[in-house]
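# Residue-level structural notes
Here is what each chain is made of, one letter per residue.
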Amino acid sequence: MEIQPSRQSDDTDLRRAYVHLAEAQRLSQTGSFTWDFDRGELLWSEELCRIFEFDPATTITTDLVGQFVHPADLPAFAATLEGAAAGGDVDLPYRIVTASGVLKHLHAVGHRIDYDAERPVIIGAVQDVTERKVAEEALDRARADLAHVARVATLSALTASIAHEVNQPLTSLVTNASTCVRMLAADPPNLDLARTTAQRTIRDANRASEVIQRLRAMFVRNEPAAEAVDLNEAAAEILALTSSELLSARVEVHADFADALPSIRGDRIQLQQVMLNLVLNARDAMLAVDDRPRTLRIATIADGPGQVRFSVRDAGSGVAPDSLGRLFDAFYTTKSEGMGIGLSISQSIIQGHEGRIWAAPNEDGPGATFSFSLPFGVADSPEPVSKDL
Ligand code: ADP
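Criteria and cut-off values
Residues numbered from 1 in each chain as written. Predicted model: local features only at pLDDT ≥ 70, side-chain atom pairs only at ≥ 80, totals over all residues. Heavy atoms only, no water. Pairing = 2+ DSSP bridges. Helix = DSSP H or I, 4+ residues; strand = E, 2+ residues; numbered from the N terminus. Axes fitted to C-alpha atoms, helices over the stretch in contact; angles between N-to-C directions. Contact = heavy atoms within 4.5 Å. Core = buried A, V, L, I, M, F, W, Y, C linked by side-chain atoms within 4.5 Å. Buried < 20%, exposed > 50% of the residue type's maximum accessible area, 1.4 Å probe, protein only. Near = heavy atom within 4 Å. Polar contact = N/O pair within 3.5 Å; in protein donor to acceptor, adjacent residues only side chain to side chain. Areas by Shrake-Rupley, 256 points an atom, 1.4 Å probe, with all protein chains shown as cover. Nonpolar A, V, L, I, M, F, W, Y, C, P; charged D, E, K, R; others polar. Parallel < 35°, antiparallel > 145°, perpendicular 65-115°, else oblique. Left-handed = near helix turned anticlockwise from the far one by under 90°. Expected span 1.5 Å × (residues − 1). Bend = angle between axes of the 7 residues up to and from the residue.

Both strand E9 (residues 294-302) and strand E10 (residues 307-313) contribute to a ladder of six bridges, which runs antiparallel. Paired with Ala302 across the strands is Val308, a residue of E10. Counting the residues between successive antiparallel strands, the hairpin from E9 to E10 contains four residues, one of them, Gly304, with a positive phi of roughly 70 degrees. Two elements, E10 and strand E12 (residues 368-375), share seven bridges in a ladder whose sense is antiparallel. What sits directly across from Phe310, in E12, is Phe372.

Now the structure itself:
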């Protein structure tokens, strides 16, 4: 005899399925909704009401929901509603501020279902991703702190070089000011030359103040910037900053900067931190070299479609093939005083700029070449190592 399921067991199954679903939604902090946009009807699950702090009896409308969306996310929210009504998919990270003032990060996904051609609806899910977001932000901040501390430590080890960089325009300033005084004291005073040397004095004073401003920017912890960066200019500054350091290590520097290199969008200080790491590593790799010139070649080049490349080539110890894969790992170092974080931070910075960084042994001589390439005209803001370094 065939057993017909009783109506009661239907109800029990349905109730069980409902409890199961509601519990799963609670556990995953994911609510669901159905939106019948022709009739303006929104059906929300209990969990979605809980996420928004709405009473489950509330009549929900898109206008009501919009009142709780973070003002900065409202345009994207409105565009997604419009797109969804026109048949597009929903995939929207956004923030809300609930009635009790809690800021939440949500992620909505959904799509249109035409199971009744007369009455298409949008079915979707909204997940509360606040905890993950907060954890990601804490990680970003920790990375940024580490990168900042590493930069300051590197710069602090360059005190002599920095003093030289600051001193140069100051010396020329004093010379020009003294010449100016002499020209004025002459009989008759040489006013033309006095004027010229006074103008040079102003130029040198401006240069000195620029140098100090640049150095200050490298020491302080700035908000991340998404500015136009000229890699040639940035690299020239790093060479100026390290020149006496490289000179005292008997490193011969050759610069080969491409003309008319497109600017990239990014954080100049972060990118200079990478350049500084690569240049100082190249110097370190050549400290034991005594049988050949300690040549360092620093170059920029337009690299394939939409990319610019920066590279530092040395004639140092080189990298063994089996350590190539570990160079960018945190705490990998072969130096007695090394920390092993320079390349790992450099990699985070370059990846945050949607770029790539790599090392390769030189094929036509001793040493290695470290390079990074960055897209230009694409990235609006560096994700970075995050945010502020
Ligand atoms: P650290 O300089 O403190 O060791 P890094 O992360 O900057 O940390 O570098 C990690 C390791 O990568 C170095 O210890 C070294 O073994 C290797 N390395 C980096 N640059 C070069 C280079 N130009 N030539 C050879 N090895 C290098």
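A few words now on the sheet that holds strand E4 (residues 103-113). Read from one edge to the other, the open sheet built from five strands follows the order E2-E1-E5-E4-E3, with strand pairing classed as antiparallel. Edge strands, defined here as strands with exactly one partner in the open sheet, are strand E2 (41-44) and strand E3 (90-97). Neighbour to neighbour, the strand axes of the sheet diverge by 25 degrees on average, direction disregarded. The sheet contact formed by E3 and E4 spans eight bridges and is antiparallel. Bridge assignment links Asp91 to a residue of E4, and that residue is Val109. Each of strand E1 (30-36), E3, E4 and strand E5 (121-128) is contacted by helix H4 (residues 74-85), which is oriented at about 145 degrees to E3, the strand it contacts most. Taken strand by strand, helix H5 (residues 130-156) contacts E4 and E5, and its axis lies near 125 degrees from that of E4.

Turning to the nonpolar core, a few remarks are in order. With 53 residues, the main nonpolar core has Leu231 and Phe372 as its most contacted residues. The element best represented in this core is helix H9 (residues 268-286), accounting for 10 residues. If we ignore the near neighbours within four places in the chain, the residues touching Leu231 are Leu261, Ile264, Leu271, Met275, Thr300, Val308 and Phe372. Membership of the second largest hydrophobic core comes to 25 residues, among which are Trp35, Phe54, Phe77 and Ile96.

Here we take up the site of the ligand. For the ligand, the set of nearby residues contains 18 residues, the closest of which are Asp314, Thr333, Thr334, Lys335 and Leu343. One nitrogen or oxygen atom from the side chain of Asp314 is found 2.8 Å from a nitrogen atom belonging to the ligand. Between Thr333 and the ligand, the recorded distance is 2.6 Å, taken from a side-chain N or O atom to an oxygen atom. Contact with the protein chains covers 91% of the free accessible surface of the ligand, which is 540 Å². Sorting the residues of the shell around the ligand by element identifies H9 and helix H10 (342-352) as the ones contributing at least two each. Per-element tally for the shell around the ligand: the top contributor is H9, with three residues. Grouping the amino acids of the shell around the ligand by side-chain chemistry returns nine nonpolar, seven polar and two charged.

This next bit is on the packing of helix H6 (residues 159-185) against helix H7 (residues 191-219). Two numbers describe how H6 lies on H7: the axes approach to 8 Å, and their chain directions differ by 165 degrees. What the angle tells us is that H6 and H7 run roughly antiparallel. Classified by chirality, the crossing of H7 by H6 is left-handed. Across the contact of H6 with H7, the residue classes tally to 19 nonpolar, five polar and five charged.

It is worth spelling out the environment of Val152 at this point. Take Val152: it is sitting in helix H5. Take Val152: its relative accessible area is 23%, and that puts it in the partly exposed class. On a C-alpha basis, the gap between Val152 and Met218 in space is 7.8 Å, while along the polypeptide they are 66 residues apart.

What follows is about H7. Along an α-helix, residues three or four apart share an orientation, since each turn contains 3.6 residues. Between its first and last C-alpha atoms H7 spans 42 Å; for 29 residues at 1.5 Å apiece the expected length is 42 Å, and the two agree. Every buried residue of H7 is listed here: Ala194, Thr197, Thr201, Asp204, Ala208, Val211, Leu215 and Met218. Contacts made by the buried residues of H7 are with H5, H6, helix H8 (231-248) and H9.

Right, let's talk about the side chain of Asp73 for a bit. If you trace the backbone, Asp73 turns up in the loop between helix H3 (62-66) and H4. Side-chain polar atoms of Asp73 contact the backbone nitrogen of Arg95, separated by 2.8 Å. When near neighbours in sequence (up to four residues on either side) are disregarded, Asp73 contacts Tyr94 and Arg95.

A word on H8. Its 18 residues place the ends of H8 25 Å apart at the C-alpha level, agreeing with the 26 Å of an ideal helix rising 1.5 Å per residue. At Thr242, H8 is deflected by roughly 55 degrees, the largest bend along its length. For H8, every residue scored as buried is listed here: Leu231, Asn232, Ala234, Ala235, Glu237, Ile238, Leu239, Leu241, Thr242, Glu245 and Leu246. By the N-cap criterion, in which a side-chain oxygen at the helix start approaches the backbone nitrogen of a residue two or three places on, H8 is capped by Asp230, the distance to Asn232 being 2.9 Å. With its phi angle positive at about 55 degrees, Arg250 sits one or two positions after the end of H8.

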